[in-house]
Every structure is written in structure tokens, then in C-alpha cells.
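Here's the letter readout for the chains.
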Amino acid sequence: MKLSLNEFIWQQRSDERLQRVAPLLLAIAQSCRLIAGAVRDAALNNAMGAAGSSNIQGEAQQKLDVISNELMMAETRDLVRALASEEMDEIVPCNPDSDLLLVYDPLDGSSNLDVNISVGSIFSILATPEPAGDLAAESFLQNGRSQLCAGYALYGPATMLVITTGHEVNGFTFDEHSGLFMLTHPKLRIAEEAKEFAINTSNARHWPAPIQRYIAECQAGSSGVRGRDFNMRWVASMVAEVHRILLRGGVFLYPQDSRESSKNGKLRLLYEASPMAMLVEAAGGAASTGAERLLDVQPERLHQRVPVILGAMNEVALIEGYCRTAIAESYLESNTLHKGHALLETQFQ
Ligand code: P6P
């Protein structure tokens, strides 16, 4: 007999974080159910296509980006002190009596909507650092290890909700008949070895050398240094990629590159990288910028971008090693020998 999300929360009574966020999590689940319906019926309701506006990243907003943002905000605003969204430049103060913050990407991968490819919502729940009272955007600038709960909804052949409070990852499938999210994928774990890599290889000429080296070795397969073949996937929907990695392993990369627009990577730290890093690490994987673990990155701006390398522990460690070696070699070349030697020592401890 499968547990509903409500029954799961009741069963997990000893998980204090889960109990603290439960009402908000149920509201998020309800908003994801509504977003799934809006995505499913968009073409029937003339809700496809561009909204004629753009977000703070300068990306054209789809009508469904705006609709999803409003659905998420309407369901959650009474349960949070403030919320922040990819689709809104500034934070939105809400209930002064709440001690929770919600930051989210209401519809990730929305460029796939008009070709009917899976998209998703990503969310992160934080505690308010201040006691009751006014709040500023700075309250959201907490590193990924501060998250109370992180998760995503995937709008695919099935609508799924995948959540963690840090110690395990559980997946729920929406049941149209009961109107409930049912526990179908308990305790998801990521294998340490990967057979698949996910990266947009059209950007290869812009990548830093360590990333070019890693991907070339995967492409060389059994005839190269890795001694085994790899497969490649690229859905251009981070939620779909992370979900695949949670279920069958692999590694996902959206690195920084030499273009001005991607010098800090493309993905956003607070509402894409941090929640996905919490999920991946809670499932036994790793998540890194290449230079440091994503959960350790200290946010400086609400919508800041960050390089993302996440998935199988051994693959991420190998890539981090290549990145650190490259940094050490640059120190050595620039005659800051002590830094280069120090970095190489930490790498091989
Ligand atoms: P590209 C979607 O726009 C997104 O933010 C992620 O979901 C996805 O992994 C990435 O961008 C796709 O980027 O450059 O391949 O279109």
C-alpha cells in the first residue's frame, strides 16, 4: 500500500525539519498540481508562447512562466515571511508571523513547452535569519547547507514531486484519481559510477580546458583512458536531467565558459543549483562548481549564476581534480609557486 504525501509526513514525525515545513510543502505540492494542469492544457487555453516580457536575466518569459509564478505565489504566500522567484526581480514580503522563506523557479526549462518536452518547478525552503519584522533580499543569501527542504516537480508523462530535508530523497507520483501525491520512489540513491553524461556540447569551444578534457575522455570511451563507453543525454530541462540522474545515475554539467553571458555559468544559485545540490548530495552524489562544493557557495546576489557539475560522486571528484590541477598549474605558471603547491597538496591528500 503506497503512502500519500500527507501519510508520509505523519510517518516521518521524527524529522523536525519536515514537520516545520509540512504546511508549506503541502501548499507547494498543491501549486505544482495546478501548474501541471496549466502546462497540460496550455495549448487548449491559448496559454502557449511568449508573454511579451522578460525576467531579470533578460530571458523572454513564456506565458506559462508568469502563470506558474502566480500559482506558486498564491498557494504559498500566507505561509512564508517572504518569497523570491526567478520570474520576479525583487523579493515579495508576505506573512510577518512566518519564520520561513521560499525561493523558487516556477517553471524551469520553459523553452521546451512549445515542443511538449518535460519541464519542472524547483523550490528551496529557508529559515528567516532575523526575528519577526521587516525583511530584505539579504535574508535569502544563505548557502545551500542552510536549506530546510529542497525539491522539484517534474511535469512529464507523470507528474512527480521529489523532496529532501537533507538525509534522504523521496519521490511521489501524482494520482489523478485520488488527487494525491503517492510515494512511489522511496530513498533514491545515485550510483557512484556514471554511464551517462549530460552537457550542451554545442558550447564545447567555450569550455575551460578541464571540462574539455573530461568530456573528450568520456567521448573516447573504451578506446580511451576511461576504458569504458559512455552515453550522452541533453534535454535542456535541468529538472528532467537531475531526475534521470537520481533514478539511473550519471553526471550533469553546465560549466562556466569564455562567453561574457556564461562567465559565471548559466544556472542560478539560489533556486536551481542549491536545491538540486541538496537533493543530489542527500542521494549520495556530489555537486560542485568545479572549484568548491555548491552547498558551500556563499550567495552574494539574489539571482546570481554559478557553474554546475553534479551527479555521480566519482565523476564529480574526477572533474574537480582536473579543475584544481588546472588552477594549480596557472599558479605555478604565474610564479605564485606556494599557492600552486598548496593546492596540489590538498588535491592529493
Ligand atoms: P541550454 C533551462 O532554460 C535551463 O535553465 C536548464 O533547465 C537547462 O539545463 C539549461 O537551461 C539548458 O540550457 O543552453 O542548453 O538551452
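Scroll up a little and you will see the structure.
Here the structure is a predicted model, which is why all the values come from computation and not from measurement.

## Looking at helix 2 (residues 16-41)
For an α-helix, the turn length of 3.6 residues means that residues three or four places apart are oriented alike.
Here is step 1: Taking 1.5 Å per residue as the helical rise, helix 2 with its 26 residues ought to reach 38 Å, and the 38 Å between its terminal C-alpha atoms agrees with that figure.
Here is step 2: Ala 22 marks the point of greatest bend in helix 2, at about 60 degrees, and the proline Pro 23 comes within the next four residues.
Here is step 3: Between the side-chain oxygen of the N-cap and the backbone nitrogen of Arg 17 there are 3.1 Å, and the N-cap of helix 2 in question is Asp 15.

## Some remarks on the site of the ligand
Here is step 1: Close to the ligand lie 13 residues; Asp 108, Asn 200, Trp 234, Met 238 and Tyr 254 are nearest.
Here is step 2: Separating an oxygen atom of the ligand from a side-chain N or O atom of Lys 266 is a distance of 3.0 Å.
Here is step 3: Coverage of the ligand by the protein chains reaches 83% of its 400 Å² of free accessible surface.
Here is step 4: Tallied by class, the residues present in the shell around the ligand amount to six nonpolar, three polar and four charged.

## Description of the pattern of salt bridges
Here is step 1: Following the criterion strictly, the structure yields 19 salt bridges and no others.
Here is step 2: Glu 196 is paired through a salt bridge with Arg 244; the nearest N and O atoms lie 3.5 Å apart. Remark: Arg 244 occurs in helix 5 (residues 238-248) and Glu 196 occurs in strand 11 (residues 196-198); sequence separation between them is 48 residues. Across the pair, exposure class does not vary: Glu 196 and Arg 244 are buried alike.
Here is step 3: Put simply, Glu 272 and Arg 268 hold a salt bridge, and the shortest N to O gap is 3.1 Å. Like Arg 268, Glu 272 is buried.

## Here we look at empty space enclosed by the protein
Here is step 1: Evaluated as defined, the whole model comprises two cavities of 30 Å³ or more.
Here is step 2: Volume-wise, the largest cavity comes out at about 70 Å³.
Here is step 3: In terms of lining, the largest cavity is formed by Phe 8, Gln 12, Asp 15, Leu 18, Ile 163, Thr 164, Thr 165, His 167, Glu 168 and Asn 170.
Here is step 4: Here the lining of the largest cavity is composed, by residue class, of three nonpolar, five polar and two charged.

## Brief notes about the packing of aromatic side chains
Here is step 1: Evaluation of the coordinates by the stated rule reveals four aromatic pairs.
Here is step 2: With 5.2 Å between their ring centres and 75 degrees between their planes, Phe 8 and Phe 172 make a pair best called edge-to-face. Residue Phe 8 is located in helix 1 (residues 5-11), and its partner Phe 172 is located in strand 9 (residues 169-175); the two are separated by 164 residues in the primary sequence. Like Phe 172, Phe 8 is buried.
Here is step 3: Through pairs of rings, three or more aromatic residues link up here, namely Trp 234, Phe 252 and Tyr 254.
Here is step 4: Over the face of the ring belonging to Trp 10 we find Arg 13, whose NZ or CZ atom lies 4.2 Å from the ring centre.
Here is step 5: Across the ring face of Tyr 322, the terminal group of Arg 213 is positioned such that the distance to the ring centre comes to 3.6 Å.

Calculation rules
Residues numbered from 1 in each chain as written. Predicted model: local features only at pLDDT ≥ 70, side-chain atom pairs only at ≥ 80, totals over all residues. Heavy atoms only, no water. Helix = DSSP H or I, 4+ residues; strand = E, 2+ residues; numbered from the N terminus. Expected span 1.5 Å × (residues − 1). Bend = angle between axes of the 7 residues up to and from the residue. Polar contact = N/O pair within 3.5 Å; in protein donor to acceptor, adjacent residues only side chain to side chain. Near = heavy atom within 4 Å. Areas by Shrake-Rupley, 256 points an atom, 1.4 Å probe, with all protein chains shown as cover. Nonpolar A, V, L, I, M, F, W, Y, C, P; charged D, E, K, R; others polar. Salt bridge = Lys/Arg side-chain N within 4 Å of Asp/Glu carboxyl O. Buried < 20%, exposed > 50% of the residue type's maximum accessible area, 1.4 Å probe, protein only. 1 Å grid on protein atoms, 1.4 Å probe; cavity = no way out; pocket = protein on both sides within 12 Å on 5 of 7 lines; lining within 4 Å. Points joined across faces, edges and corners; volume = space filled by probe spheres on them. Phe/Tyr/Trp six-rings, centres within 6.5 Å; stacked < 30°, edge-to-face > 60°. Lys NZ or Arg CZ within 6 Å of the ring centre and 35° of its normal.

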